[in-house]
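So the chains spell out like this:
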Amino acid sequence: MSPASTDDALRTIAGVVGDLAFLTPLGVGPLLAAGEQELAVHVAFRGSASGTLVVALAPGLARALVDNLAPPEPGCTPTAEDLADAAKELANVLAGNLLATLHGAQAEFQLGSPELVPPADLPATATFAIGLILAEGGMMAGILPA
Amino acid sequence: MKLNILVVDDNRMMREMVSRTVRMSALDVGELIQAGNGQEALAAMRATWIDLVLLDLNMPVMDGEAFLRALRADTALRAALVVVVSTESSQPRIARLAALGAGFVHKPFRPEELLAEVERQIAGQRGAPHDCPQAAGNPMRAAP
Ligand SMILES: [Mg+2]
């Protein structure tokens, strides 16, 4: 990605995570290593371009998503399925918005169903890989290709 | 008049979020039903009268665009209002959805954006001319 595209991508990521998880974007963070990930989701896409997006979430991020999207009843904690659903929806929305940012409004894509994958170091083989980290007062995103 | 609403999305959390938005709105909601893909949605509509469908596009089994085409081709179901709620940003595809009579809200959305589009679709339906087959072919009608 060109530096300008990376900036556009980061702005898109910040907007999506800000809206879905109600987290303030704090800027570019380090790439998340496998051991630092709570959940990772894979989305395949085809159409005007084909490839894959991997989104990795640090601990606490999926919970922040659940609390904003479908808050559990007072005294209840979200189930593993709740956290997985929230992470999958985040990956789905990120994929749609990023592809539009990078390929324009005339491009058409079909997105595959988001699927959980075992945490792994963010793969350089993915078209995009995004690592999201909770930080004091918001979140930071690491992105590949940088 | 109460609105029977069908929320169609393959993601359970998103169905909950959309359902909660509708429940907490000023809309007069009757039945509020959920389906996980287009095929389930068609089955639900054959079982229960639905006034408004809030529809995701990217879904397994039957996606939102295929569902919308099937809906508009079905004389018993075609009158339902549809608002697509999707990450879709492709202008050609959004134009195809509009041609099939669907409103559109882009994900991520704020609750007020979804409700404004729903109100717009309801207002559009109220303002739409009704089919009046008798009047159209009525020989007693004065020529203009
Ligand atoms: Mg979907």
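Just so you know, these numbers come straight off a predicted model, no measurement behind them. (Residues numbered from 1 in each chain as written. Chains lettered and ligands numbered in written order. Predicted model: local features only at pLDDT ≥ 70, side-chain atom pairs only at ≥ 80, totals over all residues. Heavy atoms only, no water.)

(A) Quick peek at the pairing of strand β4 (residues 81-86) of chain B. All names here are of chain B. Buried residues dominate β4, accounting for six of its six residues. The alternating pattern of β4 places L81, V83 and V85 and V82, V84 and S86 on opposite faces, both of which are buried. As paired elements, strand β3 (residues 52-55) and β4 share four bridges and run parallel to each other. Along β4, the bridge assignment pairs L55 with V84. With helix α3 (residues 64-73) bridging β3 and the parallel β4, this β-α-β connection has right-handed handedness. With five bridges connecting them, β4 and strand β5 (residues 102-106) associate as parallel partners. Residue pairing in the sheet places V84 in a bridge with F104 of β5. Considered for its hand, the β-α-β crossover made up of β4, helix α4 (residues 91-99) and β5 is right-handed. (Buried < 20%, exposed > 50% of the residue type's maximum accessible area, 1.4 Å probe, protein only. Helix = DSSP H or I, 4+ residues; strand = E, 2+ residues; numbered from the N terminus. Pairing = 2+ DSSP bridges. Right-handed = clockwise from strand over helix to strand, strands pointing away.)

(B) How the structure looks around the coordination of the magnesium ion. All names here are of chain B. Within the first shell, the magnesium ion binds the protein through D10 (OD), D56 (OD) and N58 (O), at distances of 2.1 to 2.3 Å. In the primary sequence, the donor residues of the magnesium ion line up as D-x45-D-x1-N. Placement of D10 in the loop between β1 (3-8) and α1 (12-23) and of N58 in the loop between β3 and α3 is noted, with a sequence separation of 48 residues between them. Of the residues examined, D10 reaches a relative accessible area of 28% and is grouped as partly exposed. (Donors = N, O, S within 2.8 Å, 3.2 Å for Na, K, Ca; no water.)

(C) Up close: the interface of chain A and chain B. In this complex, chain A contributes 27 residues to the contact, which on the side of chain B involves 23 residues. Carbon and sulfur atoms make up 50% of the surface buried where chain A meets chain B, a total of about 2000 Å² over both sides. The three residues of chain A that bury the most area against chain B are L69, E89 and E108 of chain A, which together make up 25% of that side's buried surface. Scanning the region where chain A abuts chain B turns up 13 residue pairs in polar contact (both at pLDDT 80 or more). Broken down by secondary-structure element, the contributors of at least two residues to the side of chain A that touches chain B are α1 (3-21), α2 (61-69), α3 (80-103) and β4 (109-111) of chain A. Looking at the side of chain A that touches chain B, the element that brings in the most residues is α3 of chain A, giving eleven residues. (Contact = heavy atoms within 4.5 Å. Buried area = accessible area lost by both parts, 1.4 Å probe. Polar contact = N/O pair within 3.5 Å; in protein donor to acceptor, adjacent residues only side chain to side chain.)

(D) Seen up close, the sheet that holds β5 of chain B. Residues and elements named next belong to chain B. Spatial strand order, β2-β1-β3-β4-β5: five strands in an open sheet with parallel pairing. Each edge of the open sheet is held by one strand with a lone partner, namely β2 (29-35) and β5. Sheet twist, expressed as the average angle between the axes of neighbouring strands with direction ignored, equals 20°. Bridging between β1 and β2 involves five bridges; their strand directions are parallel. Note that in β2 the partner of L6 across the bridge is I33. Contacts from α1 reach β1, β2 and β3 within the one sheet, and its direction differs from that of β2 by about 175°. On the sheet, α3 packs against β3, β4 and β5 and is oriented at approximately 160° with respect to β3. (Axes fitted to C-alpha atoms, helices over the stretch in contact; angles between N-to-C directions.)

(E) Main features of the nonpolar core. Grouped together as the largest cluster of nonpolar side chains are 62 residues, with contacts concentrated most on I13, L90 and L132 of chain A together with L54 of chain B. Counting residues per element, this core draws most heavily on α3 of chain A, at ten residues. Of all hydrophobic cores here, the second largest spans 24 residues; its members include V8, M45, A80 and V82 of chain B. (Core = buried A, V, L, I, M, F, W, Y, C linked by side-chain atoms within 4.5 Å.)

(F) Molecular detail of unusual backbone geometry. Going from L144 of chain A to P145 of chain A, the amide bond is cis rather than trans, its omega being -5°. Each neighbour pair has its own omega, and for K107 of chain B with P108 of chain B the value is 0°, a cis peptide bond. Along the chain, the position of P108 of chain B falls in the loop between β5 and α5 (111-127). One non-glycine residue, F22 of chain A, adopts positive backbone phi at about 55°. For V61 of chain B, which is not a glycine, the phi torsion comes out positive at approximately 70°. Tracing the sequence through the fold places V61 of chain B in the loop between β3 and α3.

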